Every structure is written in structure tokens, then in C-alpha cells.
Amino acid sequence: MRSARPTPLRDPSFRRSAALFRAFLREQQDPDHCYSLLARDAVNQVQRYVPLEGRVVVDIGGGSGHFAEEFRRRGAECFLFEPDRAELTPDGGKPPEGAVLADGYLLPLADGVADVCFSSNVLEHVDDPQTFLSEMVRVTRPGGLIYVSFTNWYSPWGGHEWAPWHYLGAERGRRRYERRTGRPAKHTVGENLFRVHIGTTLRQVRARGDVSVVSARARYWPLLPSLAPKVPVLREFTTWNLLLILRRCP
């Protein structure tokens, strides 16, 4: 018997956004709570479009396995592909169930094997987002769902741990973080963090002939989440994190 889960937070709602933001603020102190809550929220979003019982889900870049675990809890068969061994086992323990050490650019999967291809907050960490997206499309069956979210560069969190000082320049922001904390920054622009923009990504995705855009929305907004990505220039600062729901074309 599956354990009872907390009542889902209504999306969008101020209560949901506040709960996610509070968890995010304590991510360093309590990562398990933060990522478990985020996983429940993301899988709820997927479940709006796809009944998950018995479906095959591919999670690309899912780190220590919180998303994969939540998909399995909903009855899906989920496989995790992560290129960084340190992300798979942040505490040095055993890798998550069903995890494979693999690059998202070249997944060891046949074409069209997934009912759902899922990637949360990974796109800004890859040098070639379009190739990454193409690989997600390739492994998704016709009619299947693709969930991809990312933090864009001009978001208030665009510089990640050294935000918002990335607005003054990547190197300046990173050096300030290192002076303030006395430890090296995890992210370096051009190595494991890249300047991904909402307008560019939307134009590229909409120009593709192999997917249709089901939804483009601000992932965490409490009100009218589909509005922010529609306003050129302003969307680069206000959207914070873009969520794309795509459908693989037949």
C-alpha cells in the first residue's frame, strides 16, 4: 500500500508559491524537504496532462532521484539519467533506484520509448539547449508529453548561488560570492551554467515541426502564470523560471 501524501497545493495560488519559496530558502539546510516538495508539485503538473499509472517516464538530470521517486509513487515506471555522479550520490551513498550515468545529449534509449520525458531546471546547465531538447523529443513517443523547465539568465535567480549579483556581470557576481562565503562557487558561466533566454527558447521551440507547445508559463507564479512569458523584454526578468509543456507530433 502506498503511503498517504499531503494534499496537493492548488496551482496557481499564493499559498503554493509561498510554500515553494520557503522551501527554496532552506534548500541548503533541508534539501530533502525542498526537493520532495518540488517533485510533488512538478509531478502534479505533469498529471494534469497524462495519467501516470503504468506509463514510462524518462527523467533527465534528476540528480539524487526525488522526481523519479515521486513518479514511481504515482504508478509510473521511471528511469533517471544523470551525467554527474556527484549529483546522483550527494551524500556519498548508494545511487537512486533505476539511475543511469548518462549524458542528456546522447541517451542510451531507442526512439519513442517514453510516454513522458521530464527535465526540471537542467536546460541552463547545458551548452547546447537545442540538441538537448532534440534528444528529449527523440526518445518521446508520438503523442507523448515533454516537460522542460529552466531558470533563464535575466531571472532574479539567473546566477544561481551568486544571484542577484549576476546582473553586474558573471565574473563580478561569482567573485563577490566567493569573497562573502569563503568557498568556491558551484557554478561558472561557460562551464556548468549558460545564458539561456526565454524569447530565444520560445522562438526556437515554436519553429520546430516535431513538437507542439501545449503550455508556456511561469513555473512558480501565483497569478496568471501564462501572462509573463508573453511580454517581450519584461518576461526575461519577471518569469523567473519558464515551464514548457510540449506534445510530440505524430
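Residues numbered from 1 in each chain as written. Predicted model: local features only at pLDDT ≥ 70, side-chain atom pairs only at ≥ 80, totals over all residues. Heavy atoms only, no water.

Draft legend 1. Main features of the overall build of the chain. Helix and strand counts for the chain come out as 8 helices and 7 strands. The C-alpha radius of gyration of the chain comes to 18 Å, within 12% of the 18 Å expected for a compact globule of 250 residues. Dimensions of the chain, computed from the C-alpha atoms along their principal axes, are close to 50 × 45 × 40 Å. Here the chain, with 250 residues, has 47% of them falling under the buried criterion. For the chain, long-range pairs separated by at least 24 residues make up 64% of all intrachain contacts whose partners lie at least 6 apart in sequence. (Helix = DSSP H or I, 4+ residues; strand = E, 2+ residues; numbered from the N terminus. Rg over C-alpha atoms; globule rule 2.2 N^0.38 Å. Buried < 20%, exposed > 50% of the residue type's maximum accessible area, 1.4 Å probe, protein only. Contact = heavy atoms within 4.5 Å.)

Draft legend 2. Structural detail: the sheet that holds strand E4 (residues 114-120). The strand order across the open sheet built from 7 strands is E3-E2-E1-E4-E5-E7-E6, with neighbouring strands paired in mixed fashion. Every other strand in the sheet has two partners, leaving strand E3 (99-101) and strand E6 (211-218) as the edge strands with one partner each. Each strand of the sheet is rotated relative to its neighbour by a mean of 15°, with strand direction disregarded. (Pairing = 2+ DSSP bridges. Axes fitted to C-alpha atoms, helices over the stretch in contact; angles between N-to-C directions.)

Draft legend 3. Up close: helix H1 (residues 14-25). Taking 1.5 Å as the rise per residue, H1 with 12 residues should run 16 Å; its terminal C-alpha atoms sit 16 Å apart, in good agreement. Taken together, the buried positions of H1 are occupied by Arg16, Ser17, Ala19, Leu20 and Ala23. One face of H1 carries all of its buried residues, which in axial projection span an arc of 165°. Residues of H1 that are exposed and point over 90 degrees away from its buried face: Phe14, Arg15, Arg22 and Leu25. (Expected span 1.5 Å × (residues − 1). Arc of directions from axis to C-beta.)

Draft legend 4. Fine view of the pattern of salt bridges. Under the criterion given, the structure shown has 15 salt bridges. Its salt-bridge partner being Asp11, residue Arg48 comes within 3.3 Å of it at the nearest N-O pair. With Arg48 in the loop between helix H2 (31-47) and strand E1 (56-60) and Asp11 in the segment before H1, this pair connects stretches of sequence that are 37 residues apart. Given a relative accessible area of 47%, Arg48 falls into the partly exposed group. On the basis of relative accessible area, Asp11 is assigned to the buried category, the value being 14%. With a closest N to O distance of 2.6 Å, Arg141 and Asp115 form a salt bridge. (Salt bridge = Lys/Arg side-chain N within 4 Å of Asp/Glu carboxyl O.)

Draft legend 5. Looking closely at the pairing of strand E5 (residues 140-150). Burial analysis of E5 places 8 of its 11 residues in the buried class, which makes it a mostly covered element. Note: E4 against E5, 6 bridges, orientation parallel. Bridge assignment links Cys117 to a residue of E5, and that residue is Ile146. Read from E4 through helix H5 (residues 129-138) to E5, the crossover connection turns out right-handed. Looking at chain direction, E5 and strand E7 (residues 242-248) are connected through 6 bridges and run antiparallel. Among the inter-strand pairings, Tyr147 is bridged to a residue of E7, identified as Ile245. (Right-handed = clockwise from strand over helix to strand, strands pointing away.)

In short, geometric facts, not functional conclusions.
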